[in-house]
Amino acid sequence: MAKLMRLNQMMHGLLGNLSWMMVAEILSRLSRFVTLFVLAASFSSAQYGTVMLALLCHDLLRVFTRLGAGAKIIQCKDEEVMGVSANAATLQWAVAFLVAFSQILLAPVLAQFYGNPDLEVLLRTMAVAHVIYPMVTVKVFQLQRANRMRYFGIASGSCIAFENLLVALLVFLDANMMMVAYTKIAAAVFWVVLFYPAVSSSVGLAWNNHIMKELLSFAGKVLGSELVKAFRGQADSLFAARLLSPELFGVYSFAKSASL
């Protein structure tokens, strides 16, 4: 009987967590639907293709910030939380600055490779967003460790909806491609505003060779799978942007996004 009750509690908790993750997914889908058609109506096919390519490159580079440190924080023992969190914070800040710097350096290279000069300023502006997220990255991991998925689901869903609807509003008011880049930065700030008060404890930065070695080892495995997954889903767009004209790539991107 006791085992049955524990099983019911576990199932209840699992279903509850899944339901809040579904809330985030529904908010994301609905707001993205609005954004998709506002952008398509406001931009030319070439502009739409440029914006989608910039977002694609930005998101692919952001994959490098998903190191799996969160899994280590969630799984570690209670007495190890602060040490692992402090080292994870150091790693996240270092990687965020490295990715932002790399994106700034790669922006002109990618713009030349794709024959699209507008791509450079978009990517350089979006790079700022990378160095904002680490302010609350560890707090988000600790929130998940505490199994506060209701807060996480609502907050993450709200942030996605905020980003999608804000870019739709700004582009509707001023059909300027830079509005998309500015929205990426605004969304990062909004993410920090939502998650900073979620966990009261503050975590500093630390470097412990043993802990950092474990984090880096785990990060390498997680990063490999994340990169494979990201490129598998976006490889067609990367090739299409190179082979097609900006106008045709805009049509291709719209058709792909609408089907999703």
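Residues numbered from 1 in each chain as written. Predicted model: local features only at pLDDT ≥ 70, side-chain atom pairs only at ≥ 80, totals over all residues. Heavy atoms only, no water.

A. Seen up close, unusual backbone geometry. The residue N147 is not glycine, and still its phi comes out positive at about 65°. Mapping N147 onto the fold places it in the loop between α6 (137-145) and α7 (149-173). (Helix = DSSP H or I, 4+ residues; strand = E, 2+ residues; numbered from the N terminus.)

B. Representation of the pattern of salt bridges. Under the counting rule described, the total for this entry stands at 6 salt bridges. The salt bridge involving K184 is made with D59; its shortest N-O contact spans 3.6 Å. A residue pair is termed long-range when its members are at least 10 positions apart, and K184 in helix α8 (residues 178-195) and D59 in helix α2 (residues 45-62) qualify at 125 residues. Ionic pairing is found between R145 and D78, a salt bridge with its closest N-O pair at 2.5 Å. One end of the pair, R145, is in helix α6; the other, D78, is in the loop between α3 (69-75) and α4 (81-113), with 67 residues separating them in the sequence. (Salt bridge = Lys/Arg side-chain N within 4 Å of Asp/Glu carboxyl O.)

C. Representation of the packing of α4 against α6. Interhelical geometry of α4 versus α6 gives an angle of 140° and a closest axis separation of 9 Å. Crossing handedness for the pair α4 and α6: right-handed. Residue-level inspection shows V81, S85, A88, A89 and Q92 of α4 in contact with α6, the latter providing T137, V138, F141, Q142 and R145. A class-by-class count of the residues in the contact of α4 with α6 yields 5 nonpolar, 4 polar and 1 charged. (Axes fitted to C-alpha atoms, helices over the stretch in contact; angles between N-to-C directions. Left-handed = near helix turned anticlockwise from the far one by under 90°. Contact = heavy atoms within 4.5 Å. Nonpolar A, V, L, I, M, F, W, Y, C, P; charged D, E, K, R; others polar.)

D. Representation of the nonpolar core within the structure. Residues F43, V51, L53, Y114, L119, V171 and V180 are the most contacted members of the largest nonpolar core, which totals 35 residues. For this core, the elements supplying multiple residues, two or more each, are α1 (2-42), α2, α4, α5 (118-126), α7, α8 and α9 (209-243). Take this core: its biggest share by element is 9 residues, from α2. Those residues in contact with Y114 that sit more than four places away from it in its chain are L53, L119, L238, A241 and R242. Residues A69, C76, A88 and L91 belong to the second largest nonpolar core, which totals 18 residues. (Core = buried A, V, L, I, M, F, W, Y, C linked by side-chain atoms within 4.5 Å. Buried < 20%, exposed > 50% of the residue type's maximum accessible area, 1.4 Å probe, protein only.)

Function cannot be inferred from these measures alone, as they are strictly geometric.
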